[in-house]
Every structure is written in structure tokens, then in C-alpha cells.
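# Topology and contacts: notes
Here is how the chains run, residue by residue.
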Amino acid sequence: MNSDKLQQWLQDSNNDIAYISNPITISYFTGYSMDPHERIFALLAFKDAEPFIFCPALNVEEAKNSEWNGDVFGYLDSENPWRLIADNVRKRTNDTHSWAIEKTDLSVSHYQLLRSEFPSASFTNDVSPFIERLRLYKTPEEIKKLQGAGAEADFAFKIGFDAIKTGATERSIAGQIDYQLKIQKGVMHESFETIVQAGKNAANPHLGPTMNTVQPNELVLFDLGTMHDGYASDSSRTVAYGEPSAKQREIYEVDREAQQAAIEAAKPGITAEELDSVARDIITKAGYGEYFIHRLGHGIGKNVHEYPSIVQGNDLVLEEGMCFSIEPGIYIPGFAGVRIEDCGVVTKDGFKTFTHTDKDLKVLPLKD
Ligand code: MN
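Along each chain, numbering runs from 1 in the same order as the chain's sequence is written. Totals for whole chains, interfaces and linings use all residues, but because this is a predicted model, local features are given only for residues with pLDDT of at least 70 and pairs of side-chain atoms are given and counted only at 80 or more. Remark: hydrogens and water are excluded; side-chain values derive from all non-hydrogen atoms of the structure.

Let's shift gears to the coordination of the manganese ion. A donor here means an N, O or S atom no more than 2.8 Å from the metal, or no more than 3.2 Å when the metal is Na, K or Ca. Since water is not included, a site may seem to lack partners. Here the manganese ion is held by Asp234 (OD), His298 (NE2), Glu327 (OE) and Glu341 (OE), and the distances to it run 2.1 to 2.4 Å. For the manganese ion, the single-chain donor residues occur in sequence as D-x63-H-x28-E-x13-E. Here the residue Asp234 occupies a position in the loop between strand S10 (231–232) and strand S11 (235–241), and Glu327 occupies one in the loop between strand S14 (323–326) and strand S15 (329–332), the gap between them amounting to 93 residues. Each of the two residues, Asp234 as well as Glu327, counts as buried. Strands here are runs of E lasting at least two residues and helices are runs of H or I lasting at least four, both read from the DSSP assignment and numbered beginning at the N terminus. Think of it in three bands: residues with accessible area under 20% of the maximum for their type are buried, residues over 50% are exposed, and the middle band is partly exposed, with areas taken using a 1.4 Å probe on protein chains only.

The structure is reproduced here in C-alpha cells:
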């Protein structure tokens, strides 16, 4: 169990207790997760005692039947969860002085309620950086799940390309993708809301999908992904609906060259910011630097965005097992947007992508 690593960290960092509140982190350490909504879901780990999961009573059976084989304690809606957490902690250990919390996750109100049960304890230590580092290196099992999620994204592109026709709304195309993912692939959740953008809408990288309709001779941008066994995919493709103009083709080819160069450069030893520059320099030299308005990429795993960030200012040296996106984009307001994105893993033989949908500019025939 990954929770052993958390206990080791507590010993090394000389903290007594870790309070893990992010459901995805809990899933990483225990194999069990759920969405608690406003209720309390936590993993408590100890320097010198066995960890336990604390959750609403209605989830106790499910947690006990999961991969997790440690204790599970539940609470009823009528009970005070913080008092029960404190009681269970004190049954486990007398060392309750130094707590580590996930500062990137724990809400101020939960922090205050937890703290009120241990008024003389210190809650200043942050376990988040340790978790980010640990999750940076993916195991072969994790990579298999990321590849599975990538295959679903490739399937989704096919559905999306087929659904394009004159007058189709971006939302209807996105809806067909989500529907077919659910009925043909059994996908429970997308990793984020499926993005379909036609024409000038694609110049706003995170807009939509809207009720805007696809028209002939526009570029159409797709950005989509699924959750597969708890791991995310995230991929973008841009296609031409009808013959593209010279300028549309040009921005596509520049972006494609930038993406390909970055994929080839993503090897152990290059830094995150150097990799960003590989793509950015190509786009800048072609005269479109001011239209590449985001970082080259982001880590991927259980979260669709996690470490490492492939961005200027990040001198992290990339190593085998790190997984991230390579997604240069060119967004020209009022005209069009292009983004080509694959996630993959750094190996000693280079970057292996999780998605494989072809990247030659696809020109779709006009359909009524
Ligand atoms: Mn992405």
C-alpha cells in the first residue's frame, strides 16, 4: 500500500500525524475514493500507528470492501465528525503534537474545526509537496491506466469528427462524444467537460462548448479526455471542415511542427522550461509567439492537471516515469485557434504518447 510511504515520510520529517483530505490523494494512498460533497472524508496516518479512513457512515461498507485493508470509521450526520476523529486518534496514539496537512486542499473551516480538537498541537507542516513529488513518477501499472484513458480519447475523436456538419452546435457535437463514450466504452466520467470550438471560438482556449454552429471552411478544435480506472486522459486535435485557407493551414502546420519538435525533445535530462522553449521558439520564429498564451504542458495522472508544469521558470529536470501533456497552441482573436495535444511518459527511449490520433491536417468533407 502506498500509505506505507506516507508513514515513512512522517518518520523522516518528524511529524506525528498526517491529515489527508483530498479524495484523489486518499485514493492514491488507499485505493479507495469517493466524493464526500460537504461531508468529511479523510485519511489519518501516524508516525507510529496504523492509518485509518474516516468517512460518512453511508460509505463505510463500500470503503471496507475496497482495496483498502486498514480500519474504516464512519459517522452519522447527527454526530460531530471532528470529535469522533479526535477520539479515534487518541485511541491510536498519545503523540498528537505535530500535524501535517494538505495545504493545497484543506479548507479553512475544516482546518479550524480539526484544530479546535487539538488546541495545543501544531498544524503548520504541509504534506502537499511530498505528495506532489511522490506522484511525479508513475509506475508501470499507472502508465497502463493512462494508456487506457488515452485509447478512449482516440475513440472520442472519431465520434467527434464524424459528428461535424454544417449547422451542428458545438454543444451537440460534445454531447454525441460524451454519449458514445458512455454507451460504447462504459466511461463514467470525462476528465473535464468536453471542449468543441468552431471558427473564432477556438481562439478562447477554455471557452465552451457553446451554441455556436459549425460553418464551412472553419477550423474545429477538440479538447477532451476520460477517466479510466482513476486515471485521466487529455488530448486536443484541430481539424478543418472543408478546404482550409492558406492562413488556417499555416497556423496549423506551425503548431504541429512545434508539437512534434517538443515530443522529440522530451527525453531524460532536459528541463521543463527548456522543453517549453523548444516549442515556443518555433512558434515565435514563425511570427505567432504572442498568440501562444499558455505553458507548453502540465502533468497528468489521477488529476488531469498535476505536476510537473512544463513552463518557463521551472528548472525541474525531466526523468523517466514523468507524465505530462505537450500542447502548444496558436490563438488568433477573431480568426481561429489551433491546439494539438498529447499526453505521454518520458522513457529512456523518448516520449511515448498515450494518444495516437493522426496529426496530418484532416480536411473533412462538407456535410449538410
Ligand atoms: Mn491539457
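Moving on: the domain arrangement of the chain. Each assigned domain of the chain is listed here: domain 1 (3–135) and domain 2 (137–364). Domain segmentation is taken from an automatic or database assignment of domains. Computed over C-alpha atoms only, the centres of domain 1 and domain 2 are separated by 35 Å. The contact definition used throughout considers only heavy atoms, calling two residues in contact when any of these lie within 4.5 Å. Each side of the interface is counted separately: domain 1 has 7 residues, and domain 2 has 7 residues. Put simply, buried area is the surface a 1.4 Å probe can reach on two separate parts but cannot reach once they are joined, added for both. Interface area for domain 1 against domain 2, summed over the two sides, is near 680 Å², with a carbon-plus-sulfur share of 42%. Considering only the surface of domain 1 that becomes buried against domain 2, Ile24, Glu132 and Arg135 emerge as the three largest contributors, covering 65% of it. Just to be clear on terms, a salt bridge is a Lys or Arg side-chain nitrogen sitting within 4 Å of an Asp or Glu carboxyl oxygen. At the boundary of domain 1 and domain 2, one finds 1 salt bridge. Between Arg135 and Glu306 there is a salt bridge, with its nearest N and O atoms 2.7 Å apart. Throughout this description, a polar contact denotes any pair of N or O atoms lying within 3.5 Å of each other; where both atoms belong to protein, one of them has to be capable of donating a hydrogen while the other can accept it, and for residues adjacent in sequence the pair is counted only when both atoms sit in side chains. One can count 5 residue pairs in polar contact (both at pLDDT 80 or more) joining domain 1 with domain 2. Among the elements of the structure, helix H2 (23–30) and helix H6 (128–136) are those that each provide at least two residues to the side of domain 1 that touches domain 2. It is H6 that provides the largest number of residues to the side of domain 1 that touches domain 2, a total of 4 residues.

A word on the environment of Glu152. As for its placement among the helices and strands, Glu152 is situated in helix H7 (residues 140–163). In this structure Glu152 comes out as buried when scored by relative accessible area, which is 10%. C-alpha separation for the pair Glu152 and Val187, spaced 35 residues apart in sequence, amounts to 8.3 Å. Every residue in contact with Glu152, bar those within four places of it in the chain, is listed here: Leu181, Lys185, Val187, Thr226, Met227 and His228.

Before going further, it helps to examine the pattern of salt bridges. Considering all chains together, one arrives at 13 salt bridges under this definition. Across the salt bridge formed by Lys359 and Asp342, the nearest N and O atoms sit 2.6 Å from each other. Within this pair, whereas Lys359 is found in the loop between strand S18 (350–353) and strand S19 (363–364), its partner Asp342 is found in strand S17 (residues 342–347), the two being separated by 17 residues in sequence. For the pair Lys359 and Asp342, a shared accessibility class is recorded, and that class is buried. Residues joined by salt bridges that share partners form a network here, namely Arg135, Lys138 and Glu306.

For S11, the buried fraction is high: 7 of the 7 residues fall into the buried class. Burial of the side chains of S11 extends over both faces: Ser235, Arg237, Val239 and Tyr241 are buried on one face and Ser236, Thr238 and Ala240 on the other. With 2 bridges connecting them, S11 and S19 associate as parallel partners. When the sheet's bridge partners are listed, Ala240 is paired in S19 with Val363. A pair of strands counts as paired when DSSP detects no fewer than two bridges linking them.

A separate point is the state of the cysteines. The disulfide criterion used throughout: a pair of cysteine sulfur atoms within 2.5 Å. Scanning the entire structure with this criterion turns up 0 disulfides. Lacking any disulfide linkage, Cys323 is separated from the closest cysteine sulfur, that of Cys343, by 8.6 Å. Residue Cys323 is classed as buried on the basis of its relative accessible area, which comes to 0%.

This part is about the pairing of strand S1 (residues 17–20). Burial along S1 is two-sided: the residues Ile17 and Tyr19 and Ala18 and Ile20 are all buried. By the bridge criterion, 3 bridges tie S1 to strand S5 (residues 98–101) in an arrangement that is parallel. Note on S5: the bridge partner recorded for Ala18 is Ala100.

Turning our eyes to something else, we now look at the packing of H7 against helix H8 (residues 170–185). In helix packing, the relevant descriptors are the interaxial angle and the interaxial distance, both defined with respect to the helix axes. Think of each axis as a best-fit line through the C-alpha atoms, taken over the contacting stretch in the case of a helix, with angles from 0 to 180 degrees between the N-to-C directions. Direction vectors running N to C along H7 and H8 enclose 135°, while the axes themselves pass 9 Å from each other. When the axes of H7 and H8 are compared, the pair comes out oblique. Read as a crossing pair, H7 and H8 show a hand that is right-handed. Contacts between H7 and H8 involve Glu152, Phe155, Ala156, Ile159, Gly160 and Ala163 from the former and Ile173, Gln176, Ile177, Gln180, Leu181, Gln184 and Lys185 from the latter. Throughout this entry, Asp, Glu, Lys and Arg are counted as charged residues, while Ala, Val, Leu, Ile, Met, Phe, Trp, Tyr, Cys and Pro are counted as nonpolar. The remaining residues, Gly among them, count as polar. A class-by-class count of the residues in the contact of H7 with H8 yields 7 nonpolar, 4 polar and 2 charged. For classification purposes, angles smaller than 35 degrees are called roughly parallel, those larger than 145 roughly antiparallel, those between 65 and 115 roughly perpendicular, and all remaining angles oblique. A clockwise turn of the near helix away from the far one marks a right-handed crossing, whereas an anticlockwise turn of less than a right angle marks a left-handed crossing.

This part is about the packing of aromatic side chains. Working definition: a ring pair exists when centres of Phe, Tyr or Trp rings (six-membered ring for Trp) sit within 6.5 Å. Plane angles under 30 degrees give stacked, over 60 give edge-to-face, the rest tilted. Inspection of the entire model under this criterion finds 14 aromatic pairs. Ring geometry for Trp9 versus Phe130: centroids 5.4 Å apart, planes at 20°, classification stacked. Taken as a pair, Trp9 in helix H1 (residues 3–13) and Phe130 in helix H6 lie far apart in primary sequence, 121 residues in all. Take Trp9: its relative accessible area is 13%, and that puts it in the buried class. Under the relative-accessibility criterion, Phe130 is labelled buried at 13%. Geometrically, the ring pair formed by Tyr19 and Trp82 is tilted, given 6.3 Å between the ring centres and 35° between the ring planes.

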